[in-house]
Amino acid sequence: MQRPPAPLIAGALAALLTLACAPQPAPPPDDRRGDRDEDEPKRAPDDKPGLGGLGKFAPLGAMMAARLDEPGPYDPPKRSPGFRADAPHYLALSLKGELTEAASFSLSFGGPAPTIELHPLLQRLERAAADPNVRGLLLQLDGVDTDWAVAAELRAGLLRFKGDGQRRLLCHVDGASNPEYHLLTACDQIGLSPLGTVTVSGAAATPVHLKGLLDRLGVFADFTHVGAFKGAAEPLTRSAPSKEMLTTLDAIVDQAYLTQRRGLIEGRRFDDARAIATIDRGIFHSEAARDAGLVDAIATFHDFRREALEGAEWTQLKGAASDAGAFDMTKLQVFLGLLPAKRPAGPHVALVYALGDIIDGEGQGLLGAREEIAGHTLANALRALADDPSVTAVVLRVNSGGGSALASEQIAAALEAVKRKKPVVASMGRVAASGGYYIASGAAKIYAQPDTLTGSIGVVGGKIVLGKTLKQIGVDTYSVTRGRRAALWSAMSPWTEDERAEIQRMMEDTYKVFLSRVMAGRGKTYEDAHALAQGRVWTGAAAQANGLIDELGGLHDALAHARQLGGVDPATELEIYPPEPTLKDLLRGLGPVSAPHGVHALLAEIEATAGRPTARVIQRALSQILRLRQQRIATVALFPVLIE
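Residues numbered from 1 in each chain as written. Predicted model: local features only at pLDDT ≥ 70, side-chain atom pairs only at ≥ 80, totals over all residues. Heavy atoms only, no water.

Time to look at the overall build of the protein chain. What the protein chain contains, in helices and strands, is 24 helices and 25 strands. Intrachain contacts of the protein chain at a sequence separation of at least 6 include 75% that bridge at least 24 residues. Summing over all exposed atoms, the protein chain offers an accessible surface of approximately 30500 Å²; the carbon and sulfur share of this is 54%. (Helix = DSSP H or I, 4+ residues; strand = E, 2+ residues; numbered from the N terminus. Contact = heavy atoms within 4.5 Å. Areas by Shrake-Rupley, 256 points an atom, 1.4 Å probe, with all protein chains shown as cover.)

Given below as structure tokens:
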């Protein structure tokens, strides 16, 4: 028996099929109107408007997608033999890969690293909970890459699914580390594979300082900043954290440690002393995890499913996590421009994602909007939403450590234009610091998780000096200038004292504008705002206590509040920005690769020796360093800290 075609081949075949479907000539007139309105245009039942006859192939696309979704001869079943949708049953869901805000766009039909988009997953859980035939959820975690803030958000969604005990949550895992196990504390019953390991080891923050690497390469980081806690340049200019940075890190690990203890207390019914003792032991292998009360059963997933369900029927929960190998004919047609992008017709709430570094200009437009926040691109989108009467409220979801001060101000100004016409609510993900806080501070209400990293209200500026690096490889440079500051932004030499003083004045001016945004958005005096600013990073819990945010909660809470403010029914569909990119966006967004090949080779070596999380932290830091070549004054939290 043949296996189903690989996702890439299946996608290519479907694309060729779609492109081969030429528009059909219009059918001859038909006088048999029956009960139809005489003014209604005729259309085949399965045809879609605006496709010139292409819509009649939609059933074929749906059939192809359904067939590709069926398990192969050696794949596990997707439902129990006696399953019926109209009878009581359990849902089964397997989560694997990175839990993220929005999946990155890829030209391939399939990718090496599956992603789980948070909001669609939460929506699917809500819809599942509304089905009276659903008795519970069987959740399998198969290596979920997440952090404390996102884990807390999904955990809250799982608790909402359970309701007041109407539905059971049964969970199984091969092994779990700190944030992943925190998710599991929402479960009524936890199964662990034989020889599996559970780690609940507390919280640790490991700052990654790159000065030694830069010294090795002959690179000099010439930076200055505004704010005693604005340590954005520390990883480049110091070999160890300052006392201010250590104060910040202490607060972060304190909050993560508290979150872990609360998970054990609320989910596993530990008292605080038992939670502390368990965390101090840290690692539990198989039976030891069961004896410690961290899991309830030691069994393979299939044995756990059989015993936990006690004969109940089950089926896989569809559409909850993004499946990199799945093929969607409708998405392909939207990508090629054969179908318009889907938008709600009536009054609705718009969910706007602001993810990644904040950069100047257009960036890569909609194509890059899932990984970067381009000042012009996002500002234009916000102004369009402000002018759209069908959008009654906007939720800005921020997951960003900041970036360009100029772009941050442009986005903040556009958000102010939205506020003049309709409510704006902000929701903070893992991090909304520096420029990420800048663009959120004007919202009518701000939500964050207790472990969100936010604040960092300050400014940093500098340049990377490469003169010594070039000298080491035999390249000599000379400067011929006219004007006292002609070499101000030269990468060949550090600033003079005169140049440094001028840069400092520019940053002081930028800091005052940033602070004025915070004062206006949060209703604070200059003295109060300045005391909370100076570059200090706060956890979400501390930010609430200090009035930098309003409520502890996730995206679900922010959307509920926005719907209430906008007078929209909770069941109304959202408009989501950025939408799925199209071929037009792809052609506009193509550009040169920003990172040199040597950087990719370095990161590959770091990942091979130190692991992916460490390499990812360094990659973000190097990416921000490279952006400083264009963005001279930044509201950025350059925070290469591995938090575990």
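The biggest cluster of nonpolar side chains holds 52 residues, and the ones touching the most others in it are Val352, Leu378, Leu382, Met428 and Ile457. Residue contacts for Val352: discarding those within four places in its chain leaves Leu378, Leu382, Leu385, Val394, Val395, Leu396, Arg397 and Tyr577. Leu169, Ala186, Leu192 and Val200 belong to the second largest nonpolar core, which has 46 residues in total. (Core = buried A, V, L, I, M, F, W, Y, C linked by side-chain atoms within 4.5 Å. Buried < 20%, exposed > 50% of the residue type's maximum accessible area, 1.4 Å probe, protein only.)

Scanning the model with the defined rule gives one disulfide in all. Here Cys171 pairs with Cys187 through a disulfide, and the sulfurs are 1.9 Å apart. Where Cys171 bonds to Cys187 through sulfur, the torsion about that S-S bond is close to -80 degrees, and the disulfide is left-handed. Taken together, the positions of Cys171 in strand S4 (residues 168-173) and Cys187 in the loop between helix H5 (178-184) and strand S5 (189-192) put the pair 16 residues apart, joining distant regions of the chain. You can call Cys171 buried: its relative accessible area is 0%. (Disulfide = S-S within 2.5 Å.)

Another point: helix H3 (residues 118-129). Compared with the 16 Å implied by 1.5 Å per residue over 12 residues, the 17 Å span of H3 between its first and last C-alpha is a close match. Among the residues making up H3, those that are buried are Leu118, His119, Leu121, Leu122, Leu125, Ala128 and Ala129. (Expected span 1.5 Å × (residues − 1).)

Turning our attention to helix H8 (residues 243-268). With 26 residues, H8 should reach 38 Å at 1.5 Å per residue; the first-to-last C-alpha distance of 37 Å fits that figure. Arg269 sits one or two residues past H8 and shows a positive phi near 65 degrees.

Per the counting criterion, the structure on display carries 19 salt bridges. A salt bridge links Arg430 to Asp147; the shortest N-O distance between them is 3.9 Å. Residue Arg430 is located in strand S17 (residues 424-433), and its partner Asp147 is located in the loop between strand S3 (134-145) and helix H4 (148-162); the two are separated by 283 residues in the primary sequence. Arg430 gets classed as partly exposed once you look at its relative accessible area, which sits at 26%. The partner of Lys211 in a salt bridge is Asp215, with the nearest N and O atoms 3.0 Å apart. With a gap of four residues between them, Lys211 and Asp215 both fall in helix H6 (residues 211-217), about one helical turn apart. (Salt bridge = Lys/Arg side-chain N within 4 Å of Asp/Glu carboxyl O.)

Attention shifts here to unusual backbone geometry. The residue after Tyr577, namely Pro578, is reached through a cis peptide bond having omega 0 degrees. Relative to the assigned elements, Pro578 resides in the loop between strand S23 (575-577) and helix H22 (583-589). Even without being a glycine, Leu195 presents a positive backbone phi close to 70 degrees. Tracing the backbone shows Leu195 in the loop between S5 and strand S6 (197-199).

Right, let's get into the pairing of strand S1 (residues 89-100). When you tally the buried positions in S1, you get nine out of 12 residues, the bulk of the element. Sheet topology places S1 next to S3; nine bridges connect them, and they run parallel. Each bridged residue has a counterpart across the sheet, and for Ser94 the counterpart in S3 is Gln140. Bridging between S1 and strand S11 (residues 314-316) involves three bridges; their strand directions are parallel. Residue pairing across strands places Ala92 opposite Gln316, the latter belonging to S11. Note: S1 against strand S2 (residues 115-117), three bridges, orientation parallel. Looking at S2, one finds that Thr100 is bridged to Glu117. (Pairing = 2+ DSSP bridges.)

Its place among the elements puts Pro241 in the loop between helix H7 (234-237) and H8. For Pro241, a relative accessible area of 23% corresponds to the partly exposed category. For the pair formed by Pro241 and His209, sequence separation is 32 residues and the distance between their alpha carbons is 8.2 Å. Those residues in contact with Pro241 that lie beyond four places of it in its chain are Pro207, His209, Glu234 and Leu246.

The next point concerns the side chain of Ser434. Along the chain, the position of Ser434 falls in the loop between S17 and helix H16 (435-440). Here Ser456 takes part through its backbone oxygen, which lies 3.4 Å from a polar atom of the side chain of Ser434. (Polar contact = N/O pair within 3.5 Å; in protein donor to acceptor, adjacent residues only side chain to side chain.)

Two numbers describe how H8 lies on helix H9 (residues 272-281): the axes approach to 9 Å, and their chain directions differ by 120 degrees. Put simply, H8 runs oblique to H9. Classified by chirality, the crossing of H9 by H8 is right-handed. Here H8 contributes Tyr257, Gln260, Arg261, Leu264 and Ile265 to the contact with H9, which in turn contributes Asp272, Ala275, Ile276 and Ile279. (Axes fitted to C-alpha atoms, helices over the stretch in contact; angles between N-to-C directions. Parallel < 35°, antiparallel > 145°, perpendicular 65-115°, else oblique. Left-handed = near helix turned anticlockwise from the far one by under 90°.)

Here we take up the packing of aromatic side chains. A complete count under the given rule lists one aromatic pair for this structure. For the ring pair Tyr438 and Phe514, a centre distance of 4.4 Å and an interplane angle of 25 degrees mean the geometry is stacked. One end of the pair, Tyr438, is in helix H16; the other, Phe514, is in helix H18 (residues 497-522), with 76 residues separating them in the sequence. The two residues Tyr438 and Phe514 agree in class, both being buried. (Phe/Tyr/Trp six-rings, centres within 6.5 Å; stacked < 30°, edge-to-face > 60°.)

Let us look at the pairing of S4. For S4, the tally of buried residues reaches five of six residues, placing the bulk of the element in the interior. A crossover links S3 with its parallel partner S4, the connecting element being H4, and its sense is right-handed. Summarising the sheet, S4 and S5 pair through four bridges and their orientation is parallel. Following the sheet pairing, Cys171 is matched in S5 by Ile190. Handedness of the crossover joining S4 and S5 through H5 is recorded here as right-handed. (Right-handed = clockwise from strand over helix to strand, strands pointing away.)

Next up on the list: the confidence of the model for the protein chain. Looking at the protein chain as a whole, the pLDDT averages 80, with 73% of positions reaching at least 70. Predicted confidence is poor over residues 321-326, with pLDDT under 50, and the contacts of this stretch with residues over four places away or in other chains come to nine contacts. Here residues 591-598 is modelled with pLDDT under 50, and outside its nearest four sequence neighbours on either side it reaches seven contacts, counting other chains as well. (pLDDT = per-residue confidence, 0-100.)

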